[in-house]
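# Coordinate inspection notes
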Amino acid sequence: MTLVRAKKHLGQHFLTDKNIASKIVDSLKPEGRYTHVLEVGPGMGVLTDFLLLKTDYETSVIDIDDESVLYLKKKYPQLGGRLMNADFLEMDFKQVTDKPFAIIGNFPYNISSQILFKVLDNRSQVIEVVGMFQKEVAERCAAKAGSKEYGILSVFLQAYYKVEYLFTVKAGVFNPPPKVLSAVIRLTRNQAETLNCDEKLFWQIVKAGFNQRRKTLRNAISSLINKEKMTDNPTLDLRAERLNVEDFVRLTNEVMAAR
């Protein structure tokens, strides 16, 4: 079969190292929590080869690249309707399953944040994610409060998922090689159905705090608080990067109570 051309506008960098591919697939931990896995952007199927060997879950794949889909149809006729030619960012996950499932992929780096926010929007269904990201993005996802990498994405993801930085991947195992290092992370859904606060206000406070991260929270979120009632709140004298998820939840409740 004719090989698929990596397309720059789709952010494609095909993984060629089978040992790393196997390691990524083995990082999925279904443990009876799900029986379906969706692979995003399979390219020429280096992950798919190993996913289809697994018997404790069924695999579906989705790719926006017409050329890749034609290639995969020939390579994996057994996928049938589980091979979808569509945009992951626009898809309704009910097309895959109405039950909890996992997502895996060597994700296009140009839409990695959009992928993660799509996961967050569907957090009731997506209970695990194992994926390859640009190393800087992976570090931001897993960063802890107080670090320079810690930011909006860190807080939003860690509100609903346990985030683990698994391993770093060098550029030489991709075709074409990216100009950056890559890394694999795992997101595992936690027990939080909802946050113990007004979630809309929580998002507003987190975004405002990090959008002006050099300012103290008193100044960064000044438009959201009752300044007269919160003059003595010591949390407002900190910068956003010092607060973990629980701190932001507590601050949200304090801001709400002072309105």
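Residues numbered from 1 in each chain as written. Predicted model: local features only at pLDDT ≥ 70, side-chain atom pairs only at ≥ 80, totals over all residues. Heavy atoms only, no water.

## Quick word on the environment of L3
Test applied: Secondary structure elements are defined from DSSP: runs of H or I of at least 4 residues count as helices, runs of E of at least 2 residues count as strands, and each element is numbered from the N terminus. When accessible area is computed with a 1.4 Å probe and restricted to protein chains, residues below 20% of their type maximum are described as buried, those above 50% as exposed, and intermediate ones as partly exposed. By the convention used here, residues are in contact when the closest approach between their heavy atoms is within 4.5 Å.
On the secondary structure map, L3 appears in the segment before β1 (14–15). A residue is classified by how much of its surface remains accessible, and L3, at 56% relative accessible area, is exposed. Note: C-alpha distance between L3 and E67 (64 residues apart in sequence) is 9.3 Å. Residues within four places of L3 in sequence aside, it is in contact with M44, E67 and Y71.

## Things to note about the UniProt feature "domain: Ribosomal RNA adenine methylase transferase N-terminal" (unreviewed entry) in the protein
To keep it simple, the criterion reads: UniProt positions are given in the numbering used here, feature names are shortened, and annotations may be inferred rather than shown by experiment.
Under the local residue numbering, the UniProt record ascribes the feature "domain: Ribosomal RNA adenine methylase transferase N-terminal" (unreviewed entry) to residues 20–191. A distance of 30 Å separates the end C-alpha atoms of residues 20–191, which is 28% helix and 28% strand.

## A short note on helix α3 (residues 66–75)
Selection criterion: For this quantity, the arc is that covered by the directions from the helix axis to the C-beta atoms.
Of the residues making up α3, those classed as buried are S68, V69, Y71 and L72. Taken down its axis, α3 places every buried residue within 165° of arc, on the same side. The exposed residues of α3 that point more than 90 degrees off its buried face are L70 and K74. Next to the buried residues of α3 lie β3 (58–63) and β4 (83–85).

## Digging into the sheet that holds β4
To keep it simple, the criterion reads: Paired strands, in this sense, are two strands between which DSSP finds at least two bridges. Between N-to-C directions, angles span 0 to 180 degrees; the directions come from axes that are lines fitted to C-alpha atoms, helices contributing only their stretch in contact.
An order of β4-β3-β2-β5-β6-β9-β7 is seen for the 7 strands of this open sheet, with the pairing classed as mixed. In this open sheet, the two strands that pair with only one neighbour each are β4 and β7 (161–169). Sheet twist, expressed as the mean angle between neighbouring strand axes with direction ignored, is 15°. Two elements, strand β5 (residues 101–106) and strand β6 (residues 126–134), share 6 bridges in a ladder whose sense is parallel. When the bridges of β6 are listed, F101 appears paired with V126. Where helix α4 (residues 112–121) meets the sheet, it contacts β5, β6, β7 and β9 (182–189), and its direction lies at approximately 175° from that of β6.

## So, the nonpolar core
The condition that has to hold: We define a nonpolar core as any set of buried Ala, Val, Leu, Ile, Met, Phe, Trp, Tyr and Cys residues linked to one another through side-chain atoms lying within 4.5 Å.
Counting 59 residues, the largest nonpolar core has L38, I103, I221 and F248 as the members making the most contacts within it. Among the nonpolar cores identified, the runner-up in size contains 23 residues, and L15, L47, Y57 and M132 belong to it.

## Examining the side chain of E39
Heads up, the rule is: By the counting scheme adopted, Arg and Lys are positive, Glu and Asp are negative, and His together with the chain ends is not counted. Any Lys or Arg side-chain nitrogen located within 4 Å of an Asp or Glu carboxyl oxygen qualifies as a salt bridge. Two N or O atoms form a polar contact when they lie within 3.5 Å of each other; inside protein one atom must be a possible hydrogen donor and the other a possible acceptor, and for residues adjacent in sequence the pair counts only when both atoms belong to side chains.
Residue placement: E39 occurs in strand β2 (residues 36–40). This buried residue, E39, is left without a salt bridge; K75 holds the nearest opposite charge, at 9.5 Å. A polar side-chain atom of E39 sits 2.6 Å from a polar atom in the side chain of T48. Not counting residues within four places of it along the chain, the set of residues in contact with E39 comprises L47, T48, L51, S60, V61, I62 and I104.

## Overview of the packing of aromatic side chains
So the rule is basically this: Side-chain rings of Phe, Tyr and Trp (the six-membered ring for Trp) are treated as a pair once their centres are within 6.5 Å; stacked means planes under 30 degrees apart, edge-to-face means over 60, and tilted covers the remaining angles. Each ring is checked for a lysine NZ or an arginine CZ that lies within 6 Å of its centre and within 35 degrees of its normal; such an atom marks a charge sitting over the ring.
Counting across every chain of the model gives 10 aromatic pairs. Between F156 and W203, the ring centres sit 4.4 Å apart and the planes meet at 75°, which makes this aromatic pair edge-to-face. With F156 in helix α6 (residues 152–160) and W203 in helix α7 (residues 199–211), this pair connects stretches of sequence that are 47 residues apart. Here the aromatic rings of F202 and F248 are separated by 6.4 Å at their centres, their planes lie at 80°, and the arrangement is edge-to-face. Taken together, the positions of F202 in helix α7 and F248 in helix α9 (residues 245–257) put the pair 46 residues apart, joining distant regions of the chain. Neither F202 nor F248 differs from the other in exposure class; each is buried. Site record: aromatic cluster; members linked through ring pairs are F117, Y150, F156, Y160, F202, W203, F210 and F248. Positioned above the aromatic ring of F93 is the side chain of K118, whose terminal nitrogen or guanidinium carbon lies 5.1 Å from the ring centre. The ring of Y161 has R189 sitting right over it, with the charged end atom 5.8 Å from the ring centre.

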